[in-house]
Amino acid sequence: MSTTAAPPQPTRPPRPVIPRGLAALIGVLAVGAALGAGHVVAGLVSPSSSPYLAVGDTVIRFSPQWLTEFAKTTFGTADKPVLLGGMAVVIALVAAAAGIASRRNPGPGVAVVVVLGVLGFLAVLFVPVFAPLDLVAPLASLLAGVLVFRFLHGLALRTYAAAAAGPSGGPAVSRRGVLIGSSAAVGVGALAAGAGGLFLGRGIEDSRAQVTARLAALTGVQRAPAIPAGADYAAELGTTRFVTPNPDFYRIDVALRIPTRSAADWRLRIHGMVDNEMTLTFDDLLRRPLVEKTITMMCVSNEVGGPLISTANFIGVSLRDILLEAGVRPGAQQVFTTSIDGWTAGTPTDVIMEPGRHALLAVGMNGEALPPEHGFPVRMVVPGLYGFVSATKWIADMELTTFDARQPYWLQRGWAQQAPIKTQSRIDSPRGFSTVPAGKVAIAGIAWSQPTGISKVEVRMDGGPWRVADLATEVSGDTWRMWRTEFDLAPGSHTVQTRATDRNGRTQTEMRADPIPDGATGWPATIFNVS
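This structure is a prediction, so every number in the text was calculated from the model and none was measured.

Visitor: How would you explain the overall build of the protein if you had to name every residue and give the values?
Guide: Secondary structure summary: the protein contains twelve helices and 19 strands in total. When each of the 531 residues of the protein is scored for burial, the buried share is 52%. Taking all contacts inside the protein whose residues are at least 6 apart in sequence as the whole, residues at least 24 apart take part in 75%. For the protein, the accessible area works out to roughly 23,600 Å², and carbon and sulfur atoms hold 60% of it.

Visitor: So, the pattern of salt bridges: which residues are in play, and what are the values?
Guide: Per the counting criterion, the structure on display carries 17 salt bridges. Among the ionic pairs, Lys393 bridges to Asp253, the shortest N-O distance being 2.8 Å. A residue pair is termed long-range when its members are at least 10 positions apart, and Lys393 in the loop between strand E9 (379-381) and strand E10 (395-401) and Asp253 in the loop between helix H9 (234-237) and strand E1 (267-272) qualify at 140 residues. A cluster of three or more residues bridged by salt bridges with shared partners is formed by Glu205, Arg208 and Glu368.

Visitor: I'd like a description of the packing of helix H1 (residues 20-45) against helix H4 (residues 79-100), backed by residues and values.
Guide: To characterise two packed helices, one gives the angle between the axes of the helices and the distance between these axes. Put simply, H1 and H4 touch, their axes get as near as 7 Å, and they point 130 degrees apart. Taken as axis vectors, H1 and H4 run oblique relative to one another. For the pair H1 and H4, the crossing hand works out as right-handed. Here Arg20, Ala23, Ala24, Gly27, Val28, Val31 and Leu35 of H1 come into contact with H4, specifically with Ile91, Ala92, Ala95, Ala96, Gly99 and Ile100.

Visitor: So what about the sheet that holds E1? Which residues, and what values?
Guide: Reading across the sheet, the five strands line up as E2-E1-E10-E5-E6 and stay open at both edges, with mixed pairing between neighbours. Each of the sheet's edge strands pairs with one partner strand only, and the pair in question is strand E2 (278-281) and strand E6 (344-348). Averaged over all pairs of adjacent strands, the angle between their axes in this sheet comes to 20 degrees, without regard to strand direction. In this sheet, E6 lies alongside strand E5 (residues 334-339) in antiparallel orientation, the contact comprising five bridges. Within E6, the position partnered with Val335 by the bridge is Thr347.

Visitor: Any chance you could break down the side chain of Ser63 for me, citing the residues and the numbers?
Guide: The topology assignment puts Ser63 in the loop between helix H2 (51-62) and helix H3 (65-75). Overall, the relative accessible area of 14% leaves Ser63 in the buried class. A polar contact is formed between the side chain of Ser63 and the backbone oxygen of Val59, at a distance of 2.4 Å.

Visitor: Account for helix H5 (residues 107-125), with residues named and values stated.
Guide: In this model, H5 (19 residues) spans 27 Å end to end at C-alpha, consistent with the 27 Å of a helix rising 1.5 Å per residue. Those residues of H5 that sit buried are Gly109, Val110, Val113, Gly117, Gly120, Ala123 and Val124. Viewed along the axis of H5, the buried residues span an arc of 145 degrees, placing them on a single side of the element.

Visitor: A description of H2 should follow, citing residues and the corresponding values.
Guide: Taking 1.5 Å of rise per residue, the twelve residues of H2 would be expected to cover 16 Å, and the 16 Å separating its terminal C-alpha atoms lies within 8% of that figure. Looking at H2, one finds that the buried residues are Pro51, Tyr52, Leu53, Ala54, Gly56, Asp57, Ile60 and Arg61.

Visitor: Go over a nonpolar patch on the surface with me, naming the residues and quoting the values.
Guide: On the surface, Val114, Val115, Val118, Leu119, Leu122 and Phe126 cluster together to form a nonpolar patch covering roughly 510 Å² of accessible area. Within the secondary structure, Val118 sits in helix H5. A relative accessible area of 38% means that Val118 is categorised as partly exposed.

Visitor: Kindly report on the environment of Leu319, identifying the contributing residues and their values.
Guide: On the secondary structure map, Leu319 appears in helix H11 (residues 319-326). In contact with Leu319, not counting residues within four places along its chain, are Ile352, Ala359, Leu360, Leu361, Met380 and Met398.

Visitor: So, the pairing of strand E18 (residues 492-502): which residues are in play, and what are the values?
Guide: Summarising burial for E18: eight of the eleven residues are buried, a large majority. Here strand E14 (residues 454-461) runs beside E18; their pairing, made up of seven bridges, is antiparallel. The residue bridging Val459 from the neighbouring strand is Thr498, located in E18.

Visitor: For the sheet that holds strand E15 (residues 467-468), give the residues involved together with the corresponding values.
Guide: Reading across from one edge, E12-E19-E18-E14-E15 is the order of the five strands in this open sheet, with mixed pairing throughout. At either margin of the open sheet sits one strand with a lone partner, and together these are strand E12 (435-436) and E15. Pairing analysis gives two bridges linking E14 to E15, with the strands arranged antiparallel. Its bridge partner lying in E15, Val459 is registered against Arg467.

Visitor: Break down the packing of aromatic side chains for me, with residues and values.
Guide: Here the structure, examined in full by the defined rule, presents eight aromatic pairs. Both rings, one in Phe242 and one in Trp480, keep their centres 6.5 Å apart while their planes meet at 80 degrees; by these two values the pair is edge-to-face. Residue Phe242 is found in the loop between H9 and E1, and its partner Trp480 is found in the loop between strand E16 (470-471) and strand E17 (481-489); the two are separated by 238 residues along the sequence. The buried category is assigned to Trp480, whose relative accessible area is 1%. Aromatic side chains Phe249 and Phe314 sit 6.2 Å apart centroid to centroid with 85 degrees between the ring planes, which places their arrangement in the edge-to-face category. Of this pair, Phe249 sits in the loop between H9 and E1 while Phe314 is found in strand E4 (residues 309-318), placing the two residues 65 residues apart along the sequence. Here the aromatic residues Trp343, Phe388, Tyr409, Trp410 and Trp415 are joined through ring pairs into a cluster of three or more. Positioned over the ring face of Tyr409 is Arg413, at 3.6 Å from the centre of the ring. Over the face of the ring belonging to Tyr233 we find Arg484, whose NZ or CZ atom lies 5.7 Å from the ring centre.

Visitor: Before we move on, could you go through the confidence of the model for the protein and cite the residues and values that matter?
Guide: For the protein, per-residue confidence averages 88 on the pLDDT scale, and residues scoring 70 or more make up 89% of the total. Here residues 168-175 scores under 50 on pLDDT; set against residues more than four positions off or in separate chains, the count is eleven contacts. Note on residues 190-196: pLDDT is under 50 here. Beyond four places in sequence and across chains, it has nine contacts.

Visitor: How would you explain the pairing of strand E3 (residues 291-298) if you had to name every residue and give the values?
Guide: For E3, the tally of buried residues reaches eight of eight residues, placing the bulk of the element in the interior. In this structure, E3 lies alongside E4, joined through eight bridges in antiparallel fashion. Residue pairing in the sheet places Val291 in a bridge with Gly316 of E4.

Each value, and the rule that gives it
Residues numbered from 1 in each chain as written. Predicted model: local features only at pLDDT ≥ 70, side-chain atom pairs only at ≥ 80, totals over all residues. Heavy atoms only, no water. Helix = DSSP H or I, 4+ residues; strand = E, 2+ residues; numbered from the N terminus. Buried < 20%, exposed > 50% of the residue type's maximum accessible area, 1.4 Å probe, protein only. Contact = heavy atoms within 4.5 Å. Areas by Shrake-Rupley, 256 points an atom, 1.4 Å probe, with all protein chains shown as cover. Salt bridge = Lys/Arg side-chain N within 4 Å of Asp/Glu carboxyl O. Axes fitted to C-alpha atoms, helices over the stretch in contact; angles between N-to-C directions. Parallel < 35°, antiparallel > 145°, perpendicular 65-115°, else oblique. Left-handed = near helix turned anticlockwise from the far one by under 90°. Pairing = 2+ DSSP bridges. Polar contact = N/O pair within 3.5 Å; in protein donor to acceptor, adjacent residues only side chain to side chain. Expected span 1.5 Å × (residues − 1). Arc of directions from axis to C-beta. Patch = residues over 30% accessible without salt bridge, like charges linked within 9 Å, V, L, I, M, F, W, Y side chains within 5 Å. Phe/Tyr/Trp six-rings, centres within 6.5 Å; stacked < 30°, edge-to-face > 60°. Lys NZ or Arg CZ within 6 Å of the ring centre and 35° of its normal. pLDDT = per-residue confidence, 0-100.

Dropping the structure here:
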């Protein structure tokens with residue numbers, strides 16, 4: 001009796017596995033393509049809907065106060081790039097992990113791309129100024145991410161499946177093809193992100209150029225007086241210039257994405273506790289009497305002796321006159337303003353309505369249209385109040401209301417309701433830890449107390465007696481005032497301190513206080529060396 005051997009069973013080829021490094025790269029490239037696609041589509045249809053920036057805005061909106069202050073104190077004006085860079089690192093790590101989890105099948109990676117897409121979708125959906133068209137960009141981002149991941153994953157899987165089958169299997173796709181596909185994804189993502197950046201700002205510079213030309217051609221503008229020669233020590237001592245050039249003007253806000261609305265599309269609604277609701281266009285503003293004022297602005301986050309203070313010539317319309325025309329009703333305690341990107345501020349109505357306060361709806365800055373980062377097309381400027389309660393950029397809505405009825409952005413985060421700028425001074429020369437020659441050493445700086453003005457600045461060296469400094473010519477109570485004095489100093493380390501007194505006789509307090517909730521206090525001090 002003979003036995004027949006069972007026919008050999010066909011052996012299954014080994015299941016292909018994408019190498020770990022390539023799998024991680026595929027995840028990163030897919031998510032990068034998704035972000036780039038979302039950015040470019042946002043630029044085309046709705047600049048406020050870029051998912052990446054919307055997520056960043058959401059992080060800022062919901063960050064606890066301590067974290068916000070840590071970022072501003074630690075990184076200063078670089079806090080936004082640091083946030084975006086940190087987000088990029090986290091997203092890249094998540095994307096790489098998703099790719100590694102998908103070495104055999106695309107399921108985990110697709111799931112992670114979808115989750116990230118949904119997060120971007122929700123961030124856009126819940127922005128304060130959401131419109132239905134804003135959903136196009138996050139949907140495009142989600143679709144691009146899934147398609148790119150599936151495409152690159154399929155290329156890689158087919159390549160390594162063919163390699164595992166041996167030469168007879170014939171590689172369906174070469175490793176070179178995978179690299180080409182990956183490179184294409186990188187290129188498309190980079191181009192999309194770059195194009196998105198261009199589209200997000202499209203037309204704004206043209207609109208600004210038109211506004212600048214119109215402002216220059218207008219007659220009848222009440223121009224600010226020229227800065228007197230004796231008001232500015234910059235040329236002589238190398239200190240801060242009296243009028244800050246626009247590129248050097250400090251910028252502090254919570255906008256990751258600068259709003260991009262042209263002057264022609266701008267509208268301001270004035271409503272609430274008024275007799276006559278109004279909607280103003282940009283042309284409406286230019287048809288009104290325009291005035292130019294030299295005004296110093298300061299951020300409440302400025303530490304004692306800090307740099308977050310600047311001066312500019314602002315052109316605009318009297319906000320008091322506009323509110324008089326609207327008819328402010330009794331009991332309207334605050335002017336609650338909202339910017340194009342949803343940020344809010346609450347300004348005390350009685351301050352704006354002071355006849356000599358010079359509160360403006362500003363349309364120009366230092367002879368040109370407002371720069372985009374400083375509020376183009378229109379912003380508020382109220383001398384004597386810290387910016388977080390008075391200086392709404394990209395203003396779009398103005399409601400007269402009570403303090404109990406509406407709480408603005410920073411009041412919700414523990415800052416003050418009333419925030420008049422405090423009497424302060426700063427030492428600009430010599431710089432901290434610099435070295436100067438022995439002998440007569442010039443000490444110079446600025447002081448401010450809006451809208452009252454500065455009457456005296458005192459300086460002392462190494463804890464000695466106070467010496468009254470020479471004051472520069474005063475421009476107005478709305479601006480800083482420069483001061484200077486000299487000390488005969490021997491070689492060694494020296495510490496200089498200052499204090500200012502306003503025209504009402506109030507002297508800058510020695511008591512140290514942090515910026516929260518209504519501005520820092522204390523005497524500034526600078527340590528320097530004499531050789």
